[in-house]
Amino acid sequence: MTHCLKGCAHAELKANSHVGTKGSGCSSRHGQTSDCSYIGILKHLNVTKPNDALMIRPVVNWKRPTVVLLDMLLYGIVDLGEKTQTVTSHIWIHLRWRDEFLTWNSSDFCGIDKVVIPKSKLWHPDIGILEDISDTGSIQQSPMVKVTSGGLVTAQGRQRLTSTCELDLYLFPFDTQNCNISFSSVNYNVEEIQLGTMNSDEILTSVSEALMITAGEWELVNLTILEYSSKKSDGFQSCLAYTVTLVRKPMLYVINLLVPMLYFLMLDLATFFIRDEKLNFKVTIVLSISVLLLILKDMLPSTERYMPLIGKHGYFVVCCWKSLFCRRREVA
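Residues numbered from 1 in each chain as written. Predicted model: local features only at pLDDT ≥ 70, side-chain atom pairs only at ≥ 80, totals over all residues. Heavy atoms only, no water.

- Labelled according to an unreviewed UniProt entry, the protein chain appears under the name 5-hydroxytryptamine receptor 3A-like, originating from Solea senegalensis.
- Checking UniProt for the protein chain, the heading Subcellular location (unreviewed entry) contains the comment "Postsynaptic cell membrane". (UniProt positions renumbered as here; feature names shortened; annotations may be inferred.)

A word on the overall build of the protein chain
Phase 1: Of regular secondary structure, the protein chain possesses seven helices and 13 strands.
Phase 2: Residue burial in the protein chain is summarised as follows: out of 332 residues, 34% are buried.
Phase 3: Long-range pairs, those at least 24 residues apart, make up 75% of the contacts in the protein chain between residues at least 6 apart in sequence.
Phase 4: Of the roughly 20200 Å² of accessible surface on the protein chain, a fraction of 59% belongs to carbon and sulfur atoms. (Helix = DSSP H or I, 4+ residues; strand = E, 2+ residues; numbered from the N terminus. Buried < 20%, exposed > 50% of the residue type's maximum accessible area, 1.4 Å probe, protein only. Contact = heavy atoms within 4.5 Å. Areas by Shrake-Rupley, 256 points an atom, 1.4 Å probe, with all protein chains shown as cover.)

A few points about the state of the cysteines
Phase 1: One pass over the full model with this rule turns up one disulfide.
Phase 2: Paired by a disulfide, Cys165 and Cys179 hold their sulfur atoms 2.0 Å apart. Note on the Cys165 and Cys179 pair: the S-S dihedral is about -80 degrees, so by sign convention the disulfide is left-handed. Residue Cys165 is located in the loop between strand 9 (152-164) and strand 10 (176-185), and its partner Cys179 is located in strand 10; the two are separated by 14 residues in the primary sequence. Summarising the burial analysis for this pair, Cys165 and Cys179 share the class buried. (Disulfide = S-S within 2.5 Å.)

Topic: a nonpolar patch on the surface
Phase 1: The grouping of Tyr170, Leu171 and Phe174 at the surface amounts to a nonpolar patch, some 300 Å² of accessible area in total.
Phase 2: Turning to its location among the elements, Phe174 is positioned in the loop between strand 9 and strand 10.
Phase 3: Residue Phe174 is classed as partly exposed on the basis of its relative accessible area of 49%. (Patch = residues over 30% accessible without salt bridge, like charges linked within 9 Å, V, L, I, M, F, W, Y side chains within 5 Å. Salt bridge = Lys/Arg side-chain N within 4 Å of Asp/Glu carboxyl O.)

Examining the sheet that holds strand 13 (residues 235-248)
Strands in a sheet are paired, the pairing made by backbone hydrogen bonds, and the direction either parallel or antiparallel.
Phase 1: Reading across from one edge, 6-10-13-12 is the order of the four strands in this open sheet, with antiparallel pairing throughout. In the strand order of this sheet, the two ends are held by strand 6 (127-129) and strand 12 (218-232), each with one partner. Within the sheet, the average angular offset between the axes of one strand and its neighbour, ignoring direction, is 20 degrees.
Phase 2: As defined by bridge partners, strand 10 adjoins strand 13 across nine bridges and the pair is classed as antiparallel. Looking at the pairing, Gln177 lines up with Leu246 of strand 13. (Pairing = 2+ DSSP bridges. Axes fitted to C-alpha atoms, helices over the stretch in contact; angles between N-to-C directions.)

Details of the confidence of the model for the protein chain
Phase 1: When the pLDDT values of the protein chain are averaged, the result is 80; 79% of them are 70 or greater.
Phase 2: Between residues 1-33, whose pLDDT stays under 50, and residues either more than four places distant or in other chains, the model counts 13 contacts. (pLDDT = per-residue confidence, 0-100.)

Section: the UniProt feature "transmembrane region" (unreviewed entry) in the protein chain
Phase 1: Look at the UniProt record and you will see "transmembrane region" (unreviewed entry) annotated at residues 252-273 and 279-296.
Phase 2: Span residues 279-296 is 100% helix and 0% strand, its end C-alpha atoms 26 Å apart.

Some details on the environment of Ser185
Phase 1: Among the secondary structure elements, Ser185 is positioned in strand 10.
Phase 2: The class of Ser185 is buried, set by a relative accessible area of 3%.
Phase 3: Each C-alpha atom, one on Ser185 and one on Pro125, is 7.2 Å from the other, the two residues being 60 residues apart in sequence.
Phase 4: Ignoring sequence-local partners within four residues, the contact set of Ser185 consists of Asp126, Ile127, Ile193, Gln237 and Ser238.
Phase 5: At 2.8 Å, the side chain of Ser185 and the side chain of Asp126 are in polar contact. (Polar contact = N/O pair within 3.5 Å; in protein donor to acceptor, adjacent residues only side chain to side chain.)

Listed below in structure tokens is the structure:
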């Protein structure tokens, strides 16, 4: 009897050792075997082979909308084109939504509570940027998504974004620009997809400032988030707008443009006190001012609707100044 029990115990120990060597499972207290491999979870979720059911909007009740949380970080300001009215920037997008069909009990799989799977295996929201005019080669989306045991799906992507922006250059070079980056679904209405954010605009602004790689002549002031519904042909659409506020660093223009301009104007007024070779001196000053005006012309947009203050009223201020100075001199 004792010999038989020892033999059974030895056989059981050998079997457990064999299973542990393979690493394919572990025994629970109640004698139920759990699968400790990622392939077991993928088979449980039925994503190891093409499944058309996973490509539809992942809700059990079709009347319940899918809430998509979208956080955008701005970590680079490449260029702001005054003439083309565009802004080129680097953005990082973080998406999260719940897939009600992709859930499992982590205790049945040795405590595995998340898994990374190909993005092409699952449904993902068709979110686009309304102001986007960049090419497709500038988008770098991760081919993988992370899925938790509760059904939360997380996707990330980066993009060199070129977006349209209606610039207000009236106070150039002391101007502040507000540019919108609006996200919305291409095909789904507000009853099917609702957009939101995971973090507040204050947190996203502080993180963007910490991650900012390049900003050039611009400085990020803040990011403002606005959630609204836009009307389309077959109903309303959920939209999420990020308003990016940028302020220009004017020191370069002050040193290279405004200070020389004021210096030449002072020399122009000084010609009234010169008696000899006044004509040659004034011609030299006029040519110098013309060169500065050509530089200013290349900087500013060609539209007349939003002509900057420096180009709209600068000439008249100079003329009035010279006329007033001449009158006072004649009276004196």
